[in-house]
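Coordinates in review
Residue-level listing of the chains:
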Amino acid sequence: MTQTYTVERSVHIDGPRQEVYDRIVDLHRWESWSPYEELDPNMSKTYSGAESGVGAAYAWSGNMKAGTGSMEITEATVPERIVLDLAFTKPFKSGSEVTFAIAEADGGSDVTWTTSGPTNWFTKILSVFSTPDKVMDKMMGKAFEQGLASLKAEVEAA
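Below is a short write-up of the structure. (Residues numbered from 1 in each chain as written. Predicted model: local features only at pLDDT ≥ 70, side-chain atom pairs only at ≥ 80, totals over all residues. Heavy atoms only, no water.)

**Notes on helix 1 (residues 17-25)**
All of the buried residues in helix 1 are V20, Y21, R23, I24 and V25. Of the surrounding elements, those touching the buried residues of helix 1 are strand 1 (4-13), strand 4 (68-77), strand 5 (81-90), strand 6 (94-105), strand 7 (108-118) and helix 3 (132-157). (Buried < 20%, exposed > 50% of the residue type's maximum accessible area, 1.4 Å probe, protein only. Helix = DSSP H or I, 4+ residues; strand = E, 2+ residues; numbered from the N terminus. Contact = heavy atoms within 4.5 Å.)

**What to know about the pattern of salt bridges**
If you walk through the whole model with that rule in mind, you get 8 salt bridges. In this structure, K45 and E37 form a salt bridge, with 2.8 Å as the shortest nitrogen-oxygen distance. A relative accessible area of 12% means that E37 is categorised as buried. Here the salt bridges share partners, and the residues they tie into one network are R9, D137 and E145. (Salt bridge = Lys/Arg side-chain N within 4 Å of Asp/Glu carboxyl O.)

**Points about helix 3**
Spanning 26 residues, helix 3 covers 37 Å between terminal C-alpha atoms, matching the ideal 38 Å at 1.5 Å per step. The sharpest bend along helix 3 comes to roughly 45°, located at K138. (Expected span 1.5 Å × (residues − 1). Bend = angle between axes of the 7 residues up to and from the residue.)

**Topic: the packing of aromatic side chains**
For the structure shown, the criterion picks out 10 aromatic pairs. Centre to centre, the rings of W30 and F100 are 5.7 Å apart; their planes meet at 85°, and the pair counts as edge-to-face. Taken together, the residues W30 in the loop between helix 1 and strand 2 (44-48) and F100 in strand 6 connect sequence positions 70 residues apart. F100 sits in the buried class, given a relative accessible area of 0%. (Phe/Tyr/Trp six-rings, centres within 6.5 Å; stacked < 30°, edge-to-face > 60°.)

**What to know about the sheet that holds strand 2**
Pairing in this open sheet of 7 strands is antiparallel, and the strands run 1-7-6-5-4-3-2 from one edge to the other. The open sheet has two edge strands, strand 1 and strand 2, and neither has a second partner. Mean inter-strand twist for the sheet, computed between neighbouring axes without regard to direction, equals 15°. Note: strand 2 against strand 3 (residues 57-61), 5 bridges, orientation antiparallel. Following the sheet pairing, S44 is matched in strand 3 by S61. Here helix 1 sits on the sheet in contact with strand 1, strand 4, strand 5, strand 6 and strand 7, set at roughly 165° to strand 6. Running over the sheet, helix 3 touches strand 1 and strand 7 and is turned about 25° from strand 1. (Pairing = 2+ DSSP bridges. Axes fitted to C-alpha atoms, helices over the stretch in contact; angles between N-to-C directions.)

So, to be careful, I would describe these as geometric facts and stop short of saying anything about function.
Rendered as structure tokens:
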């Protein structure tokens with residue numbers, strides 16, 4: 001049986017869902033808010049497919065922190081949901097599904113960033129004394145919080 005993990009963080013943003021959606025559905029705009037963009041200032045990036053929305057793709061190759069991988073938007077429901085297929089090839093092969101859910105709430109937007117997927121051998125080793133969810137949460141949770149805080153600041157400043 002394959003073990004899986006899920007990491008999730010949420011934030012309330014005082015801004016319309018469309019403003020949030022537009023910053024996520026256009027992969028070119030991730031440079032301004034994604035915490036992963038800061039891992040390697042010399043990271044090589046390639047955009048392909050659609051300009052934004054379903055079919056928009058992004059590939060990168062960077063240092064050990066950034067790794068090598070790609071992501072593609074597989075679902076985009078304006079202005080409430082964006083789903084991406086995420087694949088890493090280095091430092092470890094892994095794949096996951098990334099979902100951004102944007103709900104209207106209290107005159108603004110509640111944004112939830114979720115990543116889930118099967119564990120790889122590295123995660124299984126780290127999970128000997130914990131659960132895959134806890135291991136991956138420790139690895140990714142703070143980055144999600146940082147990214148959502150940056151997204152919040154960007155939307156609220158607009």
